[in-house]
Structure formats: C-alpha cells, structure tokens
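Structural overview for review
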Amino acid sequence: MGGQEDEANRELLSTIRHDHPKMKAFYNGPSRAAAQLRKRYGPKYPTFWRDVLTWTGAAAAAGAGAAGNADGNDDKGEDSRDGMAWRHVRKAYLRYTEGGGKEEEERLEEQRKLEEERIMAEERARVESQLALASGAGGAGGDEGE
C-alpha cells in the first residue's frame, strides 16, 4: 500500500504546485468567497507552494501567526491539521471558478449597476420635471397678466 500512498502524495504535490499561482490570486482577490476565506484563514495566502504544505491558516487568522502553539495546533479543530486549510480553500476555489461563483458575482454586480443607473435616471427625471414646473409656473403667470 505504500506505493499507492506515495503516488497519491506525488499527485497532491503536483496539484499544489500547479494550482498555486491561480489559488493565490483567487484567495487574495476581491470576490466574496475569497473575503470569507480570509476571515477564516488569515489575510494572506502562502507566498510559496511549499509553504502550503504546512499552512494551517487558522493560526494566522487568530493573530498567532508563526507563534502559535508549540505543537502547531491552534485549537481550531480540523483546520489546524497540515493541508486542511489548503483543501478548504481549494474546494472554495473550484466552486467559484467551475461552479459559476464568478459568473454569479459578476451577474449580481451588473444587476446592481443597472439598478443604480435606473434610480439615478428616475431621480434626474424627477428633478428636471420639478424644475420645468417651477420655471413654467413663473413664466405662465407673467404671460397671463398681459
């Protein structure tokens, strides 16, 4: 069975190495999903792919940073195990990129912008209407007197 475990570990390392730049960009990006991850795992994704192997994330989020407990367990449950933070971030990354999370956020942002534009147009029309009424009432009164 050792051969199967070694192969699984090689595949995991290859995946971490390959996906590191994309996952780092996602984690440090502006999406809502990434913001939620940063609240849970800390403000920064590991700089180097090798750092991902021991990244617990939760220690950084708790403010302990590298000065966490001596045994590396920060009392955050399963997230403190080596690689668990990466696994959770990867799951969110895949959900976001492949499950439509990005498109959904972009669609909601577009809807929000359209709604803002509609409200601004209505407000502008209301103000212009009031100005027209106010200027028309003053001018009409002068014409009626002649």
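Computed from a predicted model, the values in this text were never measured in an experiment.

1. Observations regarding the nonpolar core
Counting residues in hydrophobic clusters, the biggest one holds 18 residues, and the most contacted among them are Phe-26, Tyr-27, Leu-37, Tyr-41, Tyr-45, Trp-55 and Val-89. For this core, the secondary structure elements donating two or more residues are helix 1 (2-27), helix 2 (32-41), helix 3 (49-52) and helix 5 (84-98).

2. Side note on the packing of aromatic side chains
Applying the stated criterion across every chain, the model contains 6 aromatic pairs. Arranged with centres 5.7 Å apart and planes meeting at 85 degrees, the rings of Tyr-27 and Trp-55 form a pair that is edge-to-face. Placement of Tyr-27 in helix 1 and of Trp-55 in the loop between helix 3 and helix 4 (58-61) is noted, with a sequence separation of 28 residues between them. Under the relative-accessibility criterion, Trp-55 is labelled buried at 10%. When the centroid spacing of 5.2 Å and the interplanar angle of 75 degrees are considered together, the rings of Tyr-45 and Trp-55 count as edge-to-face. Separated by 10 residues along the polypeptide, Tyr-45 in the loop between helix 2 and helix 3 and Trp-55 in the loop between helix 3 and helix 4 bring together distant segments of the chain. In this pair, the class of Tyr-45 matches that of Trp-55, namely buried. Over the ring of Trp-49 we find Arg-17; its NZ or CZ atom is 4.4 Å from the centre of that ring.

3. What to know about the pattern of salt bridges
This model, assessed by the stated rule, comprises 6 salt bridges. Across the pair Lys-22 and Asp-19 runs a salt bridge, and its minimum N-O distance is 3.6 Å. Linking Lys-22 with Asp-19, this pair stays in helix 1, spanning 3 residues, or about one helical turn. On the basis of relative accessibility, which here comes to 40%, the residue Lys-22 falls in the partly exposed class. Among the residues examined, Asp-19 registers a relative accessible area of 7% and is labelled buried. In this structure, Glu-115 engages Arg-118 in a salt bridge whose closest nitrogen and oxygen atoms are separated by 2.3 Å. Separated by 3 residues within a single helix, Glu-115 and Arg-118 lie in helix 6 (residues 101-144), roughly one turn from each other. What you see here is one network of salt bridges that share partners, running through Asp-19, Lys-22 and Arg-90.

Calculation notes
- Residues numbered from 1 in each chain as written.
- Predicted model: local features only at pLDDT ≥ 70, side-chain atom pairs only at ≥ 80, totals over all residues.
- Heavy atoms only, no water.
- Core = buried A, V, L, I, M, F, W, Y, C linked by side-chain atoms within 4.5 Å.
- Buried < 20%, exposed > 50% of the residue type's maximum accessible area, 1.4 Å probe, protein only.
- Helix = DSSP H or I, 4+ residues; strand = E, 2+ residues; numbered from the N terminus.
- Phe/Tyr/Trp six-rings, centres within 6.5 Å; stacked < 30°, edge-to-face > 60°.
- Lys NZ or Arg CZ within 6 Å of the ring centre and 35° of its normal.
- Salt bridge = Lys/Arg side-chain N within 4 Å of Asp/Glu carboxyl O.

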